[in-house]
Amino acid sequence: MLAVNIGTLPRIKLMGFVSYKQPWLHFKRTTNEYVLYLVKSGELHLRENETHYVLKKGDLLVLEPNIEHTGTEKHICDYYYIHFEHPDIKSVQVEDMLTMARRLILEEEPQLTEGGSSICHFPKHCFLSKKVLSLSYHTMNEMLRLYRRKYFNRGLTALKFTEWLIEVSREHFIAALQEQEGSTTKPLIKVHALLDYIHEHYTDKITGSRIAQEFDCNYDYMNRVFTKLTGQSIMRYVNRVRINHAKELIEATHLPFGEIGYLTGLDDPYHFSKVFKKFVGVTPSEYYKEVQKQGKNLR
């Protein structure tokens with residue numbers, strides 16, 4: 001497993017797609033950068049130090065810098081490749097895959113760097129599911145188009161690459177849970193989807209009937225499962241997301257509190273103030289004064 005600081009963008013040095021119609025043997029080399037392979041068809045046989053890999057359609061592998069790798073057999077193959085550098089990435093052992101997967105899916109506090117950036121745990125070698133593979137082919141082609149553009153190509157490619165790393169990481173952990181726990185994972189996956197839905201729609205009017213319709217479920221049952229897995233009810237979580245965004249707006253802007261409430265899905269000013277105080281402990285105006293005071297002390 002590779003631990004990547006996603007607060008820092010990788011530097012894309014080279015990327016492309018190759019299609020070998022005749023059997024081909026990968027050459028021997030040692031690079032000072034990471035090399036990612038995603039196989040589309042055929043087979044790619046590689047050895048990194050003493051570890052042998054046979055990559056087939058859907059297989060992903062990240063070779064690490066300053067380690068010799070070489071081909072071991074000739075084969076026809078099509079694959080995408082990305083050479084990249086990153087100042088904050090390291091190989092780690094994950095002792096408890098299931099605990100990490102649950103924490104990631106239920107949005108508990110992520111592992112952070114000293115600077116406060118999140119750490120993404122990405123598989124060094126894995127097989128991508130049909131769903132993720134289709135997404136990955138699309139993303140790789142989009143990255144290639146960005147990479148070949150005249151302006152800002154490497155930066156835009158790095159952004160898309162980081163987004164893809166996060167998505168593959170998340171799906172990898174979900175797959176690990178499903179493999180280990182089978183049908184008992186279904187409620188967890190549904191809660192995971194609901195968490196995404198809440199973050200995308202918190203500015204809208206979210207009701208029990210709307211959730212039941214969107215997720216084709218009984219709301220009371222969904223709420224019980226959600227509460228059991230996250231420790232809070234659905235509506236409490238919705239309001240927590242809203243208030244966290246309200247705090248960001250208060251800290252970064254001088255918008256009226258009524259407008260901030262509107263932008264975070266709490267239209268009624270009195271209700272917004274009441275909910276804000278319930279979560280933060282002070283009213284929006286008191287919180288604004290605290291923020292301004294702290295700002296002056298820092299200057």
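Here's a quick rundown of the structure. These numbers were taken from a predicted model, which means no experiment stands behind them.

What counts and how
- Residues numbered from 1 in each chain as written.
- Predicted model: local features only at pLDDT ≥ 70, side-chain atom pairs only at ≥ 80, totals over all residues.
- Heavy atoms only, no water.
- Helix = DSSP H or I, 4+ residues; strand = E, 2+ residues; numbered from the N terminus.
- Expected span 1.5 Å × (residues − 1).
- Buried < 20%, exposed > 50% of the residue type's maximum accessible area, 1.4 Å probe, protein only.
- Pairing = 2+ DSSP bridges.
- Axes fitted to C-alpha atoms, helices over the stretch in contact; angles between N-to-C directions.
- Contact = heavy atoms within 4.5 Å.
- Phe/Tyr/Trp six-rings, centres within 6.5 Å; stacked < 30°, edge-to-face > 60°.
- Salt bridge = Lys/Arg side-chain N within 4 Å of Asp/Glu carboxyl O.
- 1 Å grid on protein atoms, 1.4 Å probe; cavity = no way out; pocket = protein on both sides within 12 Å on 5 of 7 lines; lining within 4 Å.
- Points joined across faces, edges and corners; volume = space filled by probe spheres on them.
- Nonpolar A, V, L, I, M, F, W, Y, C, P; charged D, E, K, R; others polar.

## Details of helix H4 (residues 186-201)
Owing to its 3.6 residues per turn, the α-helix aligns residues three or four sequence positions apart on the same side. Given a rise of 1.5 Å per residue, 16 residues ought to cover 22 Å, and the 22 Å separating the end C-alpha atoms of H4 matches this to within 8%. Turning to H4, its buried residues are Leu188, Val191, His192, Leu194, Leu195, Tyr197 and Ile198.

## Here's the deal with the sheet that holds strand E11 (residues 125-127)
Sheets are built from strands that pair by backbone hydrogen bonding, the pairs being arranged parallel or antiparallel. Here we have 5 strands laid out as an open sheet, ordered E2-E8-E3-E6-E11, and antiparallel in their pairing. Looking at strand neighbours, the two that pair on one side only are strand E2 (11-24) and E11, the edges of this open sheet. Strand-to-strand twist across the sheet, computed as the mean angle between neighbouring axes with direction ignored, equals 15 degrees. Sheet strands touched by helix H2 (residues 130-147): E2, strand E3 (34-42) and strand E8 (75-85). Its angle to E2, the strand with the most contacts, is close to 115 degrees.

## A few points about the packing of aromatic side chains
As enumerated under the stated definition, the model contains 17 aromatic pairs in all. With a centroid separation of 4.1 Å and 5 degrees between ring planes, the pair formed by tyrosine 20 and tryptophan 24 is classed as stacked. Considering the side-chain rings of phenylalanine 257 and tyrosine 288, the 6.3 Å spacing of their centres and the 75 degrees angle between planes classify their relative orientation as edge-to-face. You can see phenylalanine 257 sitting in helix H8 (residues 257-263) and its partner tyrosine 288 sitting in helix H10 (residues 284-298), a full 31 residues away along the chain. According to the relative accessible area criterion, tyrosine 288 is partly exposed, its value standing at 26%.

## Focus: the pattern of salt bridges
Enumeration over the complete set of coordinates arrives at 12 salt bridges. Between arginine 11 and glutamate 85 there is a salt bridge, with the nearest N and O atoms lying 3.4 Å from each other. Of this pair, arginine 11 sits in strand E2 while glutamate 85 is found in strand E8, placing the two residues 74 residues apart along the sequence. Its relative accessible area of 52% is what places arginine 11 among the exposed residues.

## Looking at the layout of surface pockets
As a volume, the second largest pocket reaches approximately 180 Å³. Along the walls of the second largest pocket sit Ser129, Lys131, Glu167, Arg170, Glu171, Ile174, Ala175, Gln178, Ile189, His192, Ala193 and Asp196, which together make up its complete lining. Within the residue set of the lining of the second largest pocket, elements represented by two or more residues are helix H3 (153-181) and H4. For the lining of the second largest pocket, a count of residues per class yields 4 nonpolar, 3 polar and 5 charged.

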